[in-house]
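Chains, contacts and geometry: an overview
One letter stands for each residue in the lines below.
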Amino acid sequence: MNSDSRSGPSAPKRFAVLAVIIVPFVGFLYACLTLWQHGYLEWFYIILALVFYVLTGLGITVGFHRLFTHESFVANPSIRFLLAVLGSMAFQGSIIDWCTRHADHHQASDKPRDPHSPWKYGVSFWNLLKGVLHAQFMWLLKVGKPPENKCYKRLISDPIVSLVDSTTWFWMLTSAFLPAVLGHLYDPEHGFLKGFLWGSCARLFLLQHVTWAINSYCHIWGKRRFRSGDLSTDSYVFGILAFGEGFHNGHHAFPRSALHGIDTPWLDLSYAVIRALKRAGLAKDVIIPSVDSINGKRR
Ligand SMILES: [Zn+2]
Ligand SMILES: [Zn+2]
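Everything quoted here is computed from the prediction, not taken from an experiment.

Let us look at the confidence of the model for the protein. Overall, the predicted model of the protein reaches an average pLDDT of 95, with 98% of residues at or above 70. Across residues 1-5, where pLDDT falls below 50, the model places 13 contacts with residues more than four positions away in sequence or in other chains.

Membership of the largest hydrophobic core comes to 64 residues, with the highest contact counts inside it found for Ile-95, Cys-99, Cys-201, Ala-202 and Ile-274. Sequence-distant contacts of Ile-95, defined by excluding residues within four places in its chain, comprise Phe-64, Phe-68, Ala-84, Gly-87, Ser-88, Val-161, Val-164 and Asp-165.

Right, let's get into the packing of helix α2 (residues 43-69) against helix α12 (residues 269-279). Running from amino to carboxyl end, α2 crosses α12 at an angle of 70°, the nearest separation of the two axes being 10 Å. When the axes of α2 and α12 are compared, the pair comes out roughly perpendicular. Contacts from Leu-58, Thr-61, Val-62 and Arg-66 of α2 reach α12 at Ser-270, Val-273 and Ile-274. Split by residue class, the contact of α2 with α12 holds four nonpolar, two polar and one charged.

What follows deals with helix α1 (residues 11-38). The end-to-end C-alpha distance of α1 is 40 Å, a good match for the 40 Å that 28 residues give at a rise of 1.5 Å each. Every buried residue of α1 is listed here: Ile-21, Pro-24, Gly-27, Phe-28 and Ala-31. In this structure, the buried residues of α1 make contact with α9 (191-215).

Calculation criteria
- Residues numbered from 1 in each chain as written.
- Chains lettered and ligands numbered in written order.
- Predicted model: local features only at pLDDT ≥ 70, side-chain atom pairs only at ≥ 80, totals over all residues.
- pLDDT = per-residue confidence, 0-100.
- Contact = placed C-beta atoms within 7 Å.
- Core = buried A, V, L, I, M, F, W, Y, C linked by C-beta atoms within 7 Å.
- Buried ≥ 20, exposed ≤ 12 C-beta atoms within 10 Å, placed from the backbone.
- Axes fitted to C-alpha atoms, helices over the stretch in contact; angles between N-to-C directions.
- Helix = DSSP H or I, 4+ residues; strand = E, 2+ residues; numbered from the N terminus.
- Parallel < 35°, antiparallel > 145°, perpendicular 65-115°, else oblique.
- Nonpolar A, V, L, I, M, F, W, Y, C, P; charged D, E, K, R; others polar.
- Expected span 1.5 Å × (residues − 1).

Encoded structure:
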């Protein structure tokens, strides 16, 4: 851990983080307002938002989380590059920043060094409410440079990760404007704005808050099926919306596992993708806990 990681971001960095949080939110509100005014939305924009949600969401869950942070499987270089790019298009920080902070979370889950525990301020109603906001997104405004932990040292020496990390801004711009360009091709008169509002703003807002809810909701409410040494929980809602990541108690109990929905593998879309990659010869060495170790940690 370097000292800068605890000292908070610079003013320009804090402004950029704020913009990344606020712009999709405002765009989402405006998209809802236009929907209310017009009373309908063409299927094109719903499918556009859904496709970008799934692709960039899998970039986070299969790529940033299970591949790059936890090394739950080994993927060939083209898949590594593709997943790193898709995750960078989710507006959740650069790949090295995301993975190293998440590794820090596992090192000290729900303890004082956890970068985003919802229990940080205590257990009373108001303190927990403050903690939920902290875990959801406020913590992003308080952290400085990424921690120089083991994950950082591994990723910084990875040429594919370094290349994508240093070009994060390019992938973010692509993510923000590609849906607008596709919208323009569909409808040259109004498509650019509609594509931007639904394919970029609404999609990014929903994906950001679903992902961040794993840090907040899934450390408070839900079922604790396994002894994991922290307060993580399993949630069906976020298990589905976040492609398996909501089975967070299972993940904390078996952090290296490519499967998070230990008892609900059919709801773990990210695991299905990893299995498909393996079947296609694009991934190997997929880590799954043994039945004995699963039963050994069962509550
Ligand atoms: Zn967690
Ligand atoms: Zn994790």
